[in-house]
Amino acid sequence: MRLLIIFFLLILHPVFAPAQPKPKPKLEVTPLNDRVLVHITYGMYENESVPSNGLIIKTDDGVVLVDTGWDTDGNTDNTRQLLQWVAENLRQPVRLCIVTHAHGDRVGGVREMRKAGVRVVSTPLTARNSVKQGYDAPEAILPNDTTFTIGKEPIRCYFPGEGHTSDNIVVWLPNQRILHGGCFVKSVAAFGMGYLGDANLKEWANSIRRVKSRFGNAKTVVPGHEEWSDTRALDHTLRLLEKHAAAQR
């Protein structure tokens, strides 16, 4: 009789049933202006669904992506959705994908990009670190500071020094005054430093200051996660680093 009562309670009150995991949100795309959009894909961090930001740059000669979707070696659905969105909405070929460091939220979709015929590039250090992390290596062709132009859109890739990782670069669009900081830059909405497993906490602040000195006129700064703003994100990253250092003393 007791078992029967429990059975009916579970039917009438599903709150007693085990909680089902929430589905991961689908791809989101938000325009910054008529040439640059932010692609947002979601991954899991500490059992929470977390947004990851990359760029979609429209040029006169096709699309340039900054970072792949947040994927794993065994699941590249996010990058597949990203490529499908570009094909259906922009109707331009993807000419290039630049990855900003060797973590899954940046480089996890390299295999899917290659499958679609997209060239993926990085610095030599990011290419080596990608292999160590278990991902396909991008082409190791980017110097530490280089500017190239695709479809009349100049794109600068700059290594400011170690920070979130040993290989993190930022991407600067001078015509748009948009800086993609990747995970090297924290959102003004961030309360903590996030994942620090590969970070250089001694050099990160110096590296941020180098970015401020070169791109201090940025109109928009896109961090790796959460909402974007302007150069306040650089100052906020410095404050978070100071706060973290004080807590470790």
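Here goes a summary of the coordinates provided. Fair warning: this is a prediction, and the values are worked out from it, not measured in the lab.

**Digging into the sheet that holds strand β10 (residues 170–173)**
Hydrogen bonds between backbone atoms are what pair the strands of a sheet, whose relative direction is either parallel or antiparallel.
Then step 1. Read across the sheet, five strands follow the order β8-β9-β10-β11-β12 without closing on themselves; strand pairing throughout is mixed. Every interior strand has two partners, whereas the edge strands, β8 (145–150) and β12 (220–223), have only one. Across the sheet, the mean angle separating the axes of adjacent strands is 20° when strand polarity is ignored.
Then step 2. Of the pairings in the sheet, the one linking β10 to strand β11 (residues 178–182) comprises three bridges and is antiparallel in character. Its bridge partner being in β11, Trp-172 is matched across the sheet by Leu-179.

**Examining the layout of surface pockets**
Then step 1. Of the pockets and cavities examined, the largest pocket occupies roughly 670 Å³.
Then step 2. Around the largest pocket, the lining is made up of 31 residues, and of these Tyr-45, Trp-70, Asp-105, Tyr-195 and His-225 lie nearest the centre.
Then step 3. Per-element accounting of the lining of the largest pocket gives the leading share, three residues, to strand β2 (residues 36–45).
Then step 4. By residue class, the composition of the lining of the largest pocket is 12 nonpolar, 13 polar and six charged.

**Here we look at the pairing of β11**
Then step 1. Of all five residues in β11, five are buried; the element is thus mostly enclosed.
Then step 2. Residues Ile-178, His-180 and Gly-182 of β11 are buried on one face, and the alternating residues Leu-179 and Gly-181, pointing to the opposite face, are buried as well.
Then step 3. Taking the residues between adjacent antiparallel strands as the criterion, β10 and β11 are bridged by four residues, where Arg-177 takes a positive phi near 55°.
Then step 4. Pairing between β11 and β12: four bridges, direction parallel. From the neighbouring strand, Ile-178 faces β12, where its bridge partner is Thr-220.
Then step 5. Between the parallel pair β11 and β12, the chain is carried across by helix α6 (residues 204–215), and the sense of this crossover is right-handed.

**A short note on the sheet that holds strand β6 (residues 119–122)**
Then step 1. What the seven strands build is an open sheet, ordered β1-β2-β3-β4-β5-β6-β7; its pairing is mixed. Whereas interior strands pair on both sides, the edge strands pair on one side only; in this sheet they are β1 (28–31) and β7 (139–140).
Then step 2. Direction of pairing for β1 relative to β2: antiparallel, over a ladder of four bridges. What sits directly across from Pro-31, in β2, is Leu-37.

**A word on the pattern of salt bridges**
Then step 1. The full count for this structure, using the stated rule, is 14 salt bridges.
Then step 2. Of the charged contacts in the structure, one is a salt bridge between Arg-156 and Asp-145, with a shortest N-O distance of 2.8 Å. Here the residue Arg-156 occupies a position in strand β9 (residues 153–158), and Asp-145 occupies one in strand β8, the gap between them amounting to 11 residues.
Then step 3. With relative accessibility at 40%, the residue Asp-145 sits in the partly exposed group.
Then step 4. A salt bridge links Lys-212 to Asp-235, with the nearest nitrogen and oxygen atoms 2.6 Å apart. Here the residue Lys-212 occupies a position in helix α6, and Asp-235 occupies one in helix α7 (residues 232–248), the gap between them amounting to 23 residues.
Then step 5. Its relative accessible area of 28% is what places Asp-235 among the partly exposed residues.
Then step 6. Taken together, the salt bridges that share partners define one network made up of Arg-35, Asp-60, Lys-152 and Glu-153.

Rules and cut-offs
- Numbers given to residues run from 1 along each chain, matching the order in which its sequence is written.
- Given that the model is predicted, a residue must reach a pLDDT of at least 70 before its local features are reported, and side-chain atom pairs must reach 80 or more before they are shown or counted; all residues, however, enter totals for whole chains, interfaces and linings.
- Side-chain numbers here rest on the full set of heavy atoms in the structure, without hydrogens or water.
- Here a strand pair is declared whenever DSSP counts at least two bridges between the two strands.
- Helix and strand definitions follow DSSP, with helices as H or I runs of at least four residues and strands as E runs of at least two, each counted in order from the N terminus.
- For helices, the fitted axis covers only the stretch in contact; all axes are lines through C-alpha atoms, and the angles between them, taken along N-to-C directions, range from 0 to 180 degrees.
- A 1.4 Å probe that fits but cannot get out identifies a cavity on a 1 Å grid over protein atoms alone, an open set with protein on both sides within 12 Å along at least five of seven lines counts as a pocket, and a residue lines either if it has an atom within 4 Å of a point.
- Grid points are joined across faces, edges and corners, and a volume is the space filled by probe spheres set on the points.
- Under the convention adopted here, Pro, Cys and the residues Ala, Val, Leu, Ile, Met, Phe, Trp and Tyr are nonpolar, Asp, Glu, Lys and Arg are charged, and Gly plus all remaining residues are polar.
- Summary of the burial criterion: residues with accessible area below 20% of their type's maximum are buried, those above 50% are exposed, and those between are partly exposed, where the area comes from a 1.4 Å probe applied to protein chains only.
- Looking down the strands as they point away from you, a crossover is right-handed if its path from the first strand over the helix to the second goes clockwise.
- For this analysis, a salt bridge means a side-chain nitrogen from Lys or Arg found within 4 Å of a carboxyl oxygen belonging to Asp or Glu.

Just distances and angles here, no functional claims.
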